[in-house]
Structure formats: structure tokens, C-alpha cells
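Architecture at a glance
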Amino acid sequence: SDTKVMTCAAVWRMPKELESGSHESPDDSSSNTQTLELLCHLDNTAHGNMACVMWEPMGDGKKIISLADNNILLWDLQESSTKAVLSSSAALEGKGQLKFTSGRWSPHHNCTQIATANDTTVRGWDTRSMRQIYCIENAHGQLVRDLDFNPNKQYYLASCGDDCKVKFWDTRNVTEPVKTLEEHSHWVWNVRYNHSHDQLILTGSSDSRVILSNMVSISSEPFGHMVDDDELSDQEDQHQEEKIKEPLQDSVIATYEEHEDSVYAVEWSSADPWLFASLSYDGRLVINRVPRALKYHILL
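Predicted, not measured: the structure shown is a model, and the values here were computed from it.

Another aspect to go through is the overall build of the protein chain. Of the regular secondary structure elements, the protein chain holds two helices and 21 strands. When each of the 300 residues of the protein chain is scored for burial, the buried share is 42%. Split by element, the accessible area of the protein chain, about 16,800 Å² in all, is 47% carbon and sulfur.

Take a look at the structure:
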């Protein structure tokens, strides 16, 4: 726009054929590029550059939050999503040029909470009142890059940043992180909880590596999979009891080094809990699986 680079946001509709649930195998004739239908723009002319956009996790797909400079904007999509109305907003106040870098909408508490990152601070907000509900100042020594909520434990939040660390927080007590991971040697751009097995944590960094960690001690199944007594023979029973007494240790499961430049995005598959992808500045998209031995350890 003129001589400025602007970052904006819009809502698009995918072609019917691409919607989940249609399992027809694409034949050659349908491999033509399909166009997306533009439904509406999220008009942010008054609020500055968009840093990120988040759908309400459990809703009907009608609510969106966007972070633009120092503003949180809650949008309602109306009239078959061809119009977005700004229903409420909040601004970050303080000294200097305050700007949000990222945010996450919590799937818990009836989807009434979001977490945002600006500079070295992580804040929680109530979307009903648009007020701040907690603040973790100096959550990281340098810029906070990404956040993610534990899908199964309602108060647990992960953050990562330019201090090369990944931290896990209990938002009821934000004075100290519950755990800290220090496996990366450069900025950590992404942290992602596995949607089904919340002990599996994926991180991507400018050190060109993707690390898969097993954070069992703060997961929703800290002692592994519990087995019914009826299913066990005496010998297995004894062995199982010993196993239950001894909690699994947090550890790095694997380090993936297929990228030759900064890894800017990591994401779990939404369909297969054992599959994940990473994307790096060298234009490389890498798809990997959780090691089979660990998969069976979690399942059995």
C-alpha cells in the first residue's frame, strides 16, 4: 500500500470438493487450480498491522480474534460469513511501542480466555469483558515468539522465545514456570502440544532443528496408560505395579536435522496424532512420524 508494507487478514471459503469428509480421490481432470472464495476482509485500517488471527476453538466458526499492533479485536461473522462485525476490543497500554507478536485461544473455560505475547510478556484475557486476567512479566529473557495451550489440562500453557527456551506455565500461579526446556541453541519460533497425547511437545527453532520432547511429568497421564486389573495375569500384575510406582521421566525423544535453515513452523496433523510437519526458510517441508517404539509405549 503506497510505500508501506501492510499485513491484513481476510476470511476465505474453500471449494466444496476440498472440505473434510469428501473422500473422492482426485482424478487428473480435477487437478486444475481451484480458486478460494473471498468472504470478507477483517477491516483493520484503524488498528494497524495484523500479527495473528485465531478462530474460536470450539464454536460454530462465527467468532474470530485478531491481534493488530497493540489491539485485541473480537469479530463476529454474519450473513453467511460475508461480513465481519467488530463486537469488542481491548488495547494494550503502557510505555513505548507495544505490539503483540502472537496469541492463542484457549479451548477450555467455554472458550472465554485467550493468551497473548508482547515483547517478553505473556498475558491472559477474558473475551467476555476484554480484561486482563493474568500477566507473566519477563516470561522469557527476550521476545516471546509463540504460545500453545495444553488441550487436556485447562490451566497449562507453553511459551517459547528468543532466549532459546521453552517454558510451561500453570496460569493460576505465574511467578515461576512449572518446567523449562533448554534444548535449542537459537530462537524458538514454535511450540505445539500434540492434540491427543499432551506429553508430546514439538518445537522448531532458528538452529535448524525440530525437537520432539516427552513431558510426561506435567501431562494428563503422568504414569503412562493405566490398565484394568482384570486384564493382567499375576506376573504381569506385579510388573505393572512396579511400572506404575516409577513415573516416566521427561526427555527429548528425537532431534530432527533435515532442515538446513531456520525452522519457522511446526504443526501436528489434525487427523493422525503420530504425524507432524515442519517448514523452514530454505523452502523445505518435512513430514515425520513419532518413533514407533514411543507410540507403543504410550498406547500399551
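Turning next to the packing of aromatic side chains. Tallied over the entire structure, the rule returns six aromatic pairs. Ring geometry for W189 versus Y264: centroids 4.5 Å apart, planes at 70 degrees, classification edge-to-face. Taken together, the residues span a long stretch of sequence, with W189 in strand β15 (residues 188-193) and Y264 in strand β19 (residues 263-268) at a distance of 75 residues. Judged by relative accessible area, which is 36%, Y264 ranks as partly exposed. Ring centres of Y264 and Y281 lie 6.0 Å apart, and the angle between their planes is 75 degrees; this geometry places the pair in the edge-to-face category.

Once that is clear, we can look at the pairing of strand β20 (residues 275-280). Burial along β20 is one-sided: F276, S278 and S280 are buried, while L275, A277 and L279, pointing the other way, are not. Strand direction decides the pairing type here: β19 and β20, joined by five bridges, are antiparallel. Residue pairing for β20: V263 is matched across the bridge by S280. Between β19 and β20, which pair antiparallel in sequence order, lie six residues.

Here we take up the confidence of the model for the protein chain. Predicted confidence across the protein chain gives a mean pLDDT of 86, with 87% of residues reaching 70 or more. The low-confidence segment residues 226-232, where pLDDT is below 50, has six contacts with residues more than four positions distant or belonging to other chains.

On to a nonpolar patch on the surface. Together, W12, M14, L18, L36 and L38 make up a nonpolar patch on the protein surface, roughly 520 Å² of accessible area in all. Following the sequence through the fold, L36 ends up in the loop between β1 (9-13) and β2 (37-42).

As annotated in UniProt, the feature "repeat: WD" (unreviewed entry) corresponds to residues 137-173 in the numbering used here. Regarding residues 137-173, the helix share stands at 0% and the strand share at 46%, and the terminal C-alpha atoms are separated by 12 Å.

A sheet is described by the order of its strands in space; here four strands give the open sequence β11-β12-β13-β14, paired in antiparallel fashion. In this open sheet, the two edge strands, each paired with only one partner strand, are β11 (144-149) and β14 (179-181). Geometrically, the sheet is characterised by an average inter-axis angle of 20 degrees between neighbouring strands, direction not taken into account. Pairing between strand β13 (residues 166-170) and β14: three bridges, direction antiparallel. The residue bridging V166 from the neighbouring strand is L181, located in β14.

Turning our attention to the pattern of salt bridges. Summed over all chains, the structure comprises twelve salt bridges. Salt-bridge contacts for D148 lead to R104; the nearest nitrogen and oxygen are separated by 3.0 Å. Pair noted here: D148 is in strand β11 and R104 is in strand β7 (residues 102-105), with a separation of 44 residues, a long-range link. Residue classification places D148 among the buried positions, given a relative accessible area of 7%. For R289, the salt bridge is made with D272, and the minimal N-O distance between the two is 3.2 Å. Taken together, the residues span a long stretch of sequence, with R289 in strand β21 (residues 285-289) and D272 in the loop between β19 and β20 at a distance of 17 residues. Salt bridges linked by common partners bring D146, R192 and E267 together as one network.

The next point concerns the sheet that holds strand β6 (residues 83-91). An order of β3-β4-β5-β6 is seen for the four strands of this open sheet, with the pairing classed as antiparallel. Either end of the sheet is taken by a strand with one partner, and the two such strands are β3 (50-55) and β6. On average, each strand axis in the sheet is inclined to that of its neighbour by 25 degrees, with strand direction left out of account. As paired strands, strand β4 (residues 63-68) and strand β5 (residues 71-78) are joined by six bridges and run antiparallel to one another. Bridging from a neighbouring strand, I64 pairs with W75 of β5.

Thresholds applied
Residues numbered from 1 in each chain as written. Predicted model: local features only at pLDDT ≥ 70, side-chain atom pairs only at ≥ 80, totals over all residues. Heavy atoms only, no water. Helix = DSSP H or I, 4+ residues; strand = E, 2+ residues; numbered from the N terminus. Buried < 20%, exposed > 50% of the residue type's maximum accessible area, 1.4 Å probe, protein only. Areas by Shrake-Rupley, 256 points an atom, 1.4 Å probe, with all protein chains shown as cover. Phe/Tyr/Trp six-rings, centres within 6.5 Å; stacked < 30°, edge-to-face > 60°. Pairing = 2+ DSSP bridges. pLDDT = per-residue confidence, 0-100. Contact = heavy atoms within 4.5 Å. Patch = residues over 30% accessible without salt bridge, like charges linked within 9 Å, V, L, I, M, F, W, Y side chains within 5 Å. Salt bridge = Lys/Arg side-chain N within 4 Å of Asp/Glu carboxyl O. UniProt positions renumbered as here; feature names shortened; annotations may be inferred. Axes fitted to C-alpha atoms, helices over the stretch in contact; angles between N-to-C directions.

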